[in-house]
Amino acid sequence: MEGPRDREILETWARRVEPAVARCIEERTVIMGGRQPVRALEDFRKRGGHASGWRGLVVLDRDHHLDEDAADSAPGDLAAEPGLELFVWGLRHIESYLLVPSAIRRLATGIEVAEQLDALLARELGADDSLHAKRFLGSGGFLSEALGMDLRAGEIARAMRAEELHVDVRTLLTRIGSLSGVASPGPEVVIRRR
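Computed from a prediction, not measured in an experiment: that's the story for all the values here. (Residues numbered from 1 in each chain as written. Predicted model: local features only at pLDDT ≥ 70, side-chain atom pairs only at ≥ 80, totals over all residues. Heavy atoms only, no water.)

A. Inspection of the nonpolar core at higher detail. Ranked by size, the top nonpolar core spans 42 residues in total, and within it Leu 10, Trp 13, Trp 89, Leu 98, Leu 143 and Leu 173 carry the most contacts. Elements with a minimum of two residues in this core: helix H1 (4-17), helix H2 (19-28), helix H4 (101-107), helix H5 (111-124), helix H6 (133-137), helix H7 (142-147), helix H8 (153-159) and helix H9 (167-180). Top contributing element to this core by residue count: H2, with five residues. In this structure Trp 13 touches Trp 89, Ile 94, Tyr 97, Leu 98, Ala 157, Met 160, Leu 165, Val 169 and Leu 173, once residues within four positions along its chain are discounted. Leu 41, Val 58, Leu 86 and Val 88 belong to the second largest nonpolar core, which has 10 residues in total. (Core = buried A, V, L, I, M, F, W, Y, C linked by side-chain atoms within 4.5 Å. Buried < 20%, exposed > 50% of the residue type's maximum accessible area, 1.4 Å probe, protein only. Helix = DSSP H or I, 4+ residues; strand = E, 2+ residues; numbered from the N terminus. Contact = heavy atoms within 4.5 Å.)

B. Broad picture of the pattern of salt bridges. As enumerated under the stated definition, the model contains eight salt bridges in all. We note a salt bridge from Glu 81 to Arg 45, for which the minimum N-O separation is 2.8 Å. Separated by 36 residues along the polypeptide, Glu 81 in the loop between strand S1 (56-60) and strand S2 (84-88) and Arg 45 in helix H3 (residues 37-46) bring together distant segments of the chain. Judged by its relative accessible area of 42%, Arg 45 is partly exposed. For Arg 106, the salt bridge identified is with Glu 164, shortest N-O distance 2.5 Å. One end of the pair, Arg 106, is in helix H4; the other, Glu 164, is in the loop between H8 and H9, with 58 residues separating them in the sequence. For Arg 106, a relative accessible area of 32% corresponds to the partly exposed category. (Salt bridge = Lys/Arg side-chain N within 4 Å of Asp/Glu carboxyl O.)

C. Structural detail: the environment of Ala 108. By secondary structure assignment, the location of Ala 108 is in the loop between H4 and H5. Between the C-alpha atoms of Ala 108 and Asp 150, which are 42 residues apart in sequence, the distance is 9.6 Å.

D. Representation of H2. The set of residues buried in H2 consists of Ala 20, Val 21, Ala 22, Cys 24 and Ile 25. On its buried side, H2 packs onto H1 and H9.

E. Region of the structure containing the environment of Arg 35. Mapped onto the fold, Arg 35 is located in the loop between H2 and H3. Along the backbone, Arg 35 and Asp 63 are 28 residues apart, and their C-alpha atoms lie at a distance of 9.0 Å.

F. Spatial organisation of the packing of aromatic side chains. Counted by the stated rule, this structure contains three aromatic pairs. The interplanar angle of 80 degrees and the centroid separation of 6.4 Å between the aromatic rings of Trp 13 and Trp 89 together place this pair among those described as edge-to-face. With Trp 13 in helix H1 and Trp 89 in the loop between S2 and H4, the pair connects residues that are 76 residues apart, well separated along the chain. Trp 89 carries the same exposure label as Trp 13, and that label is buried. Taking the centre distance of 5.0 Å and the plane angle of 90 degrees together, the rings of Phe 87 and Trp 89 count as edge-to-face. (Phe/Tyr/Trp six-rings, centres within 6.5 Å; stacked < 30°, edge-to-face > 60°.)

G. Layout of H3. Buried within H3 are the following residues: Pro 37, Ala 40, Leu 41, Asp 43 and Phe 44. Seen end-on, H3 carries its buried residues on one side only, within an arc spanning 165 degrees. Projecting away from the buried face of H3 at angles above 90 degrees are the exposed residues Glu 42 and Lys 46. (Arc of directions from axis to C-beta.)

H. Main features of the packing of H1 against H2. Relative orientation of the contacting elements H1 and H2 amounts to 160 degrees, with a least axis distance of 6 Å. Considering their axes alone, H1 and H2 lie roughly antiparallel with respect to each other. In contact with Arg 7, Leu 10, Glu 11, Ala 14, Arg 15 and Val 17 of H1, H2 contributes Pro 19, Val 21, Ala 22, Ile 25 and Glu 26. For the contact of H1 with H2, the residue count by class is seven nonpolar, no polar and four charged. (Axes fitted to C-alpha atoms, helices over the stretch in contact; angles between N-to-C directions. Parallel < 35°, antiparallel > 145°, perpendicular 65-115°, else oblique. Nonpolar A, V, L, I, M, F, W, Y, C, P; charged D, E, K, R; others polar.)

If you want it as structure tokens, here you go:
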């Protein structure tokens, strides 16, 4: 993953869906430090790669790139490395998936703040997935300034409910679970006999 905040957010979401996936993220994540797919490839190979039984998943923000091909341009062709997969968020940043009005509203307090928040989010979010969520949410960011309170990414992730997770988030968590051997819990069936 790109950074520790990304890991914190993803781990928090995983706790909502499957705690075993959250433990996997906590125990096995390697922080690359920014958009560094080359570092991920080098680290994977240094550990022995696919030949040693390793499987990996590189998670990148889309940032300003228009499609996933921009992330595939790393030397050594990251996407073609056996045992190594690439996941690029559909929206600009992982923080973009935190722009859930109901979760943010749970953190904001007071009727005045709630009314401000509704108007602000409706105006700023719309259907535009290119919003720079990091600047919007960050300490001193537009949302914090408008509300007069700091809202941190990790706090918003913790305020989110499982049903508020975007399909991209669920897709990634399912893939992590599959790669790590953690099966998603299915419906529980209990048969009782007299």
